Amino acid sequence: MKKITEALMRKDASVRKLQFDREWFYAIDDVADYLGEDLSGVETVTLPVIVDGESYNEKCATWEDIERYRNREPLKDYKGSIFRTPTVEVKKVVNNRKNK
């Protein structure tokens, strides 16, 4: 995982970004390409991003949302796996009969 700050992301021209209501939003596809990571689980909003005078609807996210996704627990998806379930207790049947 690359260590990167929001200030570096704002300076980079390869990442499309826009400021909306005093908050910076970054195009998820551009950030994923820049970091070389899969960011498909980040919570996004669709905003109009203007490129060369044309407006495109892009999935965007705040830096906090991106960092929250990147810093999640690595094995979070496996919490419900079979290895995490408690073991079943097996009781041995005792035969109390005496043979005559």
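Since we're looking at a predicted model, the values are computed, not measured.

Calculation criteria
Residues numbered from 1 in each chain as written. Predicted model: local features only at pLDDT ≥ 70, side-chain atom pairs only at ≥ 80, totals over all residues. Heavy atoms only, no water. Helix = DSSP H or I, 4+ residues; strand = E, 2+ residues; numbered from the N terminus. Buried < 20%, exposed > 50% of the residue type's maximum accessible area, 1.4 Å probe, protein only. Areas by Shrake-Rupley, 256 points an atom, 1.4 Å probe, with all protein chains shown as cover. Phe/Tyr/Trp six-rings, centres within 6.5 Å; stacked < 30°, edge-to-face > 60°. Pairing = 2+ DSSP bridges. Axes fitted to C-alpha atoms, helices over the stretch in contact; angles between N-to-C directions. Contact = heavy atoms within 4.5 Å. Salt bridge = Lys/Arg side-chain N within 4 Å of Asp/Glu carboxyl O.

**Q** Please give an account of the overall build of the chain that cites residues and values.
**A** Per the secondary structure count, the chain includes 3 helices and 4 strands. The order of α-helices and β-strands along the chain, N terminus first, is α-β-β-α-β-β-α. Counting over 100 residues, the chain shows a buried share of 28%. Of the roughly 8,600 Å² of accessible surface on the chain, 50% is carried by carbon and sulfur atoms.

**Q** Can you explain the packing of aromatic side chains? Please cite residues and give values.
**A** Applying the stated criterion across every chain yields a total of 2 aromatic pairs. Between Tyr 26 and Trp 63, the aromatic rings sit 6.1 Å apart at their centres with planes inclined by 75 degrees, giving edge-to-face as the arrangement. With Tyr 26 in strand β2 (residues 23-27) and Trp 63 in helix α3 (residues 63-70), this residue pair connects regions lying 37 residues apart in the sequence. Residue Tyr 26 shares its accessibility class with Trp 63, and that shared class is buried.

**Q** Please give an account of the sheet that holds strand β1 (residues 17-20) that cites residues and values.
**A** Strands sit in the order β1-β2-β4-β3 across an open sheet of 4 strands; the sheet is antiparallel. Each edge of the sheet is formed by a strand with only one pairing partner; in this case those strands are β1 and β3 (45-51). Going from strand to strand, the sheet's axes swing by 50 degrees on average, the running direction of each strand aside. Alignment of β1 against β2, held across 4 bridges, turns out to be antiparallel. Paired with Gln 19 across the two strands is Trp 24, which belongs to β2. Against the sheet, helix α2 (residues 28-35) touches β2 and β4 (54-62), its axis set at about 70 degrees to β2. Set on the sheet, α3 makes contact with β2 and β4; between it and β4 the angle comes to about 50 degrees.

**Q** I'd like a rundown of the environment of Glu 64, residues and numbers included.
**A** Looking at the secondary structure, you find Glu 64 in helix α3. Residue Glu 64 is classed as partly exposed on the basis of its relative accessible area of 41%.

**Q** Go over α2 with me, naming the residues and quoting the values.
**A** Buried residues of α2: Ile 28, Asp 30, Val 31, Ala 32 and Leu 35, and no others. The inward-facing, buried residues of α2 contact α1 (6-11), β2, β4 and α3.

**Q** Mind laying out the pattern of salt bridges, listing which residues take part and the relevant values?
**A** Tallied over the entire structure, the rule returns 6 salt bridges. Between Arg 68 and Asp 65 there is a salt bridge, with the nearest N and O atoms lying 3.0 Å from each other. Of this pair, Arg 68 and Asp 65 both sit in helix α3, 3 residues apart, roughly one helical turn. Exposure remark for Asp 65: the relative accessible area of 18% places this residue in the buried category. Across the pair Glu 67 and Arg 70 runs a salt bridge whose closest N-O atoms are separated by 3.1 Å. A residue pair is termed a helical-turn pair when its members lie 3 or 4 positions apart in one helix, as Glu 67 and Arg 70 do in helix α3 at 3 residues. In this structure, Glu 67 and Arg 70 share a single accessibility class: buried. Through salt bridges that share partners, Arg 16, Asp 30 and Glu 58 make up one connected network.

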